[in-house]
Amino acid sequence: MQLTALYLLLFLTAGLSGHAVYGQQAVQIDSTLREHIFTYREIEYLEDLPGTLTIQEVSSDSLSVRFRPSDVSTPQNQHLGEPVWYRVKIRHNPDAQRFYLLEFFDQTIDDITAYMPDTSGVYQEVRMGDRYPFVQRWFHHKNFELTLDNDRRDEVVYYFRISSAQTADVIIVMRSIDRFVSYALSEYLTFGIFYGMIFIFSFYNLIMFIAMRQRQYLYYVLYNLSVMLYEMCADGIAYQWLWPGSPAWNQYAFAWPLFSMSIFALLFTNSLLHVRARAPILHKLILSVIVLRCGYFLACISINPYWFNYKFVELIPLSVAFYTGIHIWLRGYRPARFFVLGYSFLFVGFMLKFFIMLGYTWLNFGIISYYSLSFCFILEMFFLSFAVGDKVRLLKKKRDKAHRQMIRQMTENARLKDNQNRELEAQVQARTKELSAQAEVIAAQNETLLQTNALLEEQAAEISRMNALLEQDNRQLQTNVEKVTRARAMSSTLDFEEFSKIYPDKESCLRFLADLKWTGAFHCRKCSNDHYYAGHQPFSRRCSKCGYEESATAYTIYQNIRIPINKAFYMTFLVYSTKGKISSHKLSEILEIRQSTCWSYATRILKVMDERKKELKQANGQGWSLLVLDEREAG
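To start, this report covers the structure provided alongside it. (Residues numbered from 1 in each chain as written. Predicted model: local features only at pLDDT ≥ 70, side-chain atom pairs only at ≥ 80, totals over all residues. Heavy atoms only, no water.)

**Focus: the environment of Y323**
1) Next: Summarising the element assignment, Y323 is placed in helix α11 (residues 315-330).
2) Next: Overall, the relative accessible area of 48% leaves Y323 in the partly exposed class.
3) Next: Through-space distance from the C-alpha of Y323 to that of V340 is 8.5 Å; in sequence the pair is 17 residues apart. (Helix = DSSP H or I, 4+ residues; strand = E, 2+ residues; numbered from the N terminus. Buried < 20%, exposed > 50% of the residue type's maximum accessible area, 1.4 Å probe, protein only.)

**A look at the pattern of salt bridges**
Opposite charge on two side chains lets them pair, provided their charged atoms get close.
1) Next: Going through the model one piece at a time under the given rule, you end up with 19 salt bridges.
2) Next: Notably, a salt bridge pairs R98 with D178, separated by 3.1 Å at the nearest N-O pair. Placement of the pair is R98 in the loop between β5 (84-91) and β6 (100-104) and D178 in helix α4 (residues 177-212), with a sequence separation of 80 residues.
3) Next: Overall, the relative accessible area of 24% leaves R98 in the partly exposed class.
4) Next: One salt bridge in this structure joins E187 and K142, with 3.0 Å as the shortest N-O distance. A residue pair is termed long-range when its members are at least 10 positions apart, and E187 in helix α4 and K142 in the loop between β8 (123-128) and β9 (144-147) qualify at 45 residues. Both residues of the pair, E187 and K142, count as buried. (Salt bridge = Lys/Arg side-chain N within 4 Å of Asp/Glu carboxyl O.)

**Here's the deal with the sheet that holds strand β11 (residues 172-176)**
1) Next: Judged by pairing direction, the sheet is antiparallel, and its four strands sit side by side in the order β2-β11-β6-β9 without closing on themselves. Unpaired on one side and paired on the other, β2 (35-37) and β9 mark the two borders of the sheet. For this sheet, the mean inter-axis angle between neighbouring strands, taken without regard to orientation, is 20°.
2) Next: Strand direction decides the pairing type here: β6 and β9, joined by four bridges, are antiparallel. Looking at β9, one finds that L102 is bridged to L146.
3) Next: Together, β2, β6, β9 and β11 form the strand contacts of α4, whose direction differs from that of β11 by roughly 110°. (Pairing = 2+ DSSP bridges. Axes fitted to C-alpha atoms, helices over the stretch in contact; angles between N-to-C directions. Contact = heavy atoms within 4.5 Å.)

Next comes the structure, spelled out in structure tokens:
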């Protein structure tokens, strides 16, 4: 915040201060003085625990001797809510030709009653503090400022009656007007950078949450926003810009972001470090602390809002989150190292504030310690972002590894499928040869039976003693001849039961169609790509370039068919074998399908047969398979 000069001035003042000199030191105004921080014996204080003292009593000689010089660089109100009187001495010098003001740096002070003496020695009362509407301030600035009359040439004592429900740092700074303007602009610029960084962190992680839907990003965004709102309450920015007309709300507005900051910090810790899986006991501890913190918050609202000022309770969720990060890190989870580093800075800053509150005043370095927690928040968010990024990198590494394993598995599956297809093709060829051999045997048997029948008719008169046996054989032969005659009339030697053994189910039919469609190389119908992956449907193929997926039945006469595909196969076989002479009633009887459906489908097959007469004449063996591909739909 460009406060380097202020820090150096503070340290030099602290180093040159001592307790050997008695009496309050007066600050001399000269032409070179642009800024001065009151510290040590330059500030004297008087506790007014009953809260009944008046300015006349305090400025009287009897009580003036009771003021004690500050033994610390930055005094604090040790009794919360009780008034304390402070006074400083200034030796004015109109030759400096500058306008000066007094500024109280801590914006959380509830009430400041300043007594400014005029040239006649009469004290004028001015009230300031965060319990008054913001519009009443002389300067519309987050700090509290008072103008000084430097047209006088005397030593003036200024009294301030200060009370606050929170621990307040009484940092009193005297600045020239030009220095104040320069400082205020630099300070607001620094605040803009500070809150802008928090906003950028939050916006980036909000985008990550929308893209990845991981709750850790949402918790981190809400945590950052809670930090930002709490810092705005502590810096006075929120009172200036968000609720300037609500001083009552301003008294405890800090409690809400402080509460949400603790809750979302624990939720973020639990989600980022996978505490539930890696440390179940710590997971239960985190949930218990969340419940207890919510209970304490509700108790403050319903019983006594003054309890909100006990900010040290935030040490519990902070310690739990810090210990959880250390535990998970020691167990080998690498992203936890940045988490631990970020929380180390926050823990140091919080403990510094905590020990100052307990009375270790030597830790209070004025403005440095006042803004220490803000600096620690920035460092914490910086390293927590590294922790989130490290986790994303780890997840990406695991995803890439899983992707490579998936590719290897898909390659192995394709190899196994090709081997299985080759085995099935070999089995189909063997079965086809077997069926052809059986057909030749049956044809030879038919010829033998015909010859035997003729011979039996010629020898009927001579073998009368075997009439009864011959009559039985003749009936059997007639039955066989009738079956053979019907099979020959249908050009089929297989019934549906036998046909179903070749194509027993839908999978075998789809496999046959896929092998028939893609006998050669695969070519995508949309982009002519030659590479493919297995599709979502059985035996379908998906283009590796454009993603177009083609099923096994697409561009065949079985596309969009509504009857079982194995029965459709058999119907095609029967119509082809009988050259279309089988009736729809016969097909309905054989296949147990409605006659209208059989007629419609048989008509379609006959039409295809008529269109492909030339190809069918040249076909042998499985010539009916030439009817499967629907070239019109393919076109």
